[in-house]
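Geometric and topological summary
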Amino acid sequence: MSGFPDELGVPVVAGAELHDAVVQRRVTSAETVFEGRVWDVVREVVELPGEDGPTSVTRDLQRHPGAVTVLALDDDEHVLFVKQYRHPVRRELWELPAGLLDVDGEPPLTAAQRELAEEADLRAERWDVVVDWFNSPGGSSEANRIYLARGLSAVPAGQRHTREDEERDMVPVRVPLAEAVEAVLAGRLGNPGTVIGVLAAAAARSAGWSTLRPADAAWPGDLS
C-alpha cells in the first residue's frame, strides 16, 4: 500500500494551487523591545481566528530588512564560493556572495550586483531569479532572494571594493555545480543561502533553466 490512507481525508491538489498568500491579522499593540545595529525585535499582540471568536497571542519577531544572495555561475558551470567567519555559529562557512538590503531605496537587483562586486570583484551580464524564501518565518520577517548571475567578468582593479571586518579575509573558490550539490547533501555546507541556492540552481539546470524568473520579479517580502 502506498500514499495516505483514505480515512485521513487528505485531499490531493495540483501543484499550481500551492501559493503562499498575504494575510493581514489585526495587531492590537506593537512595542520595540530591542533596537539593534541591523535589525530590531518587536513584540506584537495579534488576533488569530478561533471557533469562539478571535484569540489574542503575543509574538516576538525580528524586523529584518531582507537580503539577497548571488549564485555566480561561470561558462563551465562552476559556482563561486567565498569563505567567511560567522561568529554566532563559531565557524568559517563556504557561502555564496550575499548581503542585506540595508541601503535606503536600493532595489534588490542593484544590491545583488553590488554584493557580487564587493565580495568577489565580479560583474555579470545576465541576472535571473532562481528562488525566493523566508529565512525563519516563525520569528523573523527576513525575505531572501537568490539570483543566478552569468556572463561573469572581473571588476577593474582600480574600482574594487576594500573589504573590512569579516569580509577582509574572504577566500574565493570555484566548484563544479554537481560537486557543490554533493557537498550540500553530504552535510558539509550549512549556510542556508548556500544550501537553498545550490539545490535550486541544480533543479533549474535540470529543467533547462526554464524555471528562472525575471530579475525584476516582485519582491517576496512585499505585503501589498
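In this report, the structure presented in the accompanying data block is examined. Remember, predicted model here, so these are calculated numbers, not experimental data.

**Some points on the sheet that holds strand β6 (residues 91-95)**
The strand order across the open sheet formed by 3 strands is β6-β5-β10, and the pairing between neighbours is antiparallel. Among the strands making up the open sheet, the edge pair consists of β6 and β10 (171-176). On average, each strand axis in the sheet is inclined to that of its neighbour by 30 degrees, with strand direction left out of account. Inspection of the sheet shows strand β5 (residues 78-86) paired to β10 by 6 bridges, in the antiparallel sense. Bridge pairing links Val 79 to Val 175 in β10.

**Details of helix α2 (residues 177-185)**
For an α-helix, 3.6 residues make a turn, and residues three or four places apart therefore share a direction. Those residues of α2 not exposed but buried are Leu 177, Ala 180, Val 181, Ala 183 and Val 184. Down the axis of α2, the sector holding all buried residues measures 160 degrees, keeping them to one side. Projecting away from the buried face of α2 at angles above 90 degrees are the exposed residues Ala 178, Glu 182 and Leu 185. Taken from the residues just after α2, Gly 187 is the one with a positive phi, measuring 80 degrees.

**Observations concerning the pattern of salt bridges**
One pass over the full model with this rule turns up 14 salt bridges. For Arg 86, the salt bridge is made with Glu 95, and the minimal N-O distance between the two is 2.8 Å. Of the residues examined, Glu 95 reaches a relative accessible area of 3% and is grouped as buried. One salt bridge connects Arg 145 with Asp 132, and the closest N-O pair in it is separated by 2.8 Å.

**What to know about the packing of aromatic side chains**
Under the definition given, this model contains 1 aromatic pair. Note on Trp 127 and Tyr 147: the rings are 6.0 Å apart at their centroids and 80 degrees apart in plane angle, and the pair reads as edge-to-face. Linking Trp 127 in strand β8 (residues 122-134) with Tyr 147 in strand β9 (residues 143-154), this pair joins segments that are 20 residues apart in sequence. On the accessibility criterion, Trp 127 (10% relative accessible area) is buried. What makes Tyr 147 buried here is its relative accessible area of 0%. Positioned above the aromatic ring of Trp 209, the side-chain terminus of Arg 150 is 5.1 Å from the ring centre.

What counts as what
- Residues numbered from 1 in each chain as written.
- Predicted model: local features only at pLDDT ≥ 70, side-chain atom pairs only at ≥ 80, totals over all residues.
- Heavy atoms only, no water.
- Pairing = 2+ DSSP bridges.
- Helix = DSSP H or I, 4+ residues; strand = E, 2+ residues; numbered from the N terminus.
- Axes fitted to C-alpha atoms, helices over the stretch in contact; angles between N-to-C directions.
- Buried < 20%, exposed > 50% of the residue type's maximum accessible area, 1.4 Å probe, protein only.
- Arc of directions from axis to C-beta.
- Salt bridge = Lys/Arg side-chain N within 4 Å of Asp/Glu carboxyl O.
- Phe/Tyr/Trp six-rings, centres within 6.5 Å; stacked < 30°, edge-to-face > 60°.
- Lys NZ or Arg CZ within 6 Å of the ring centre and 35° of its normal.

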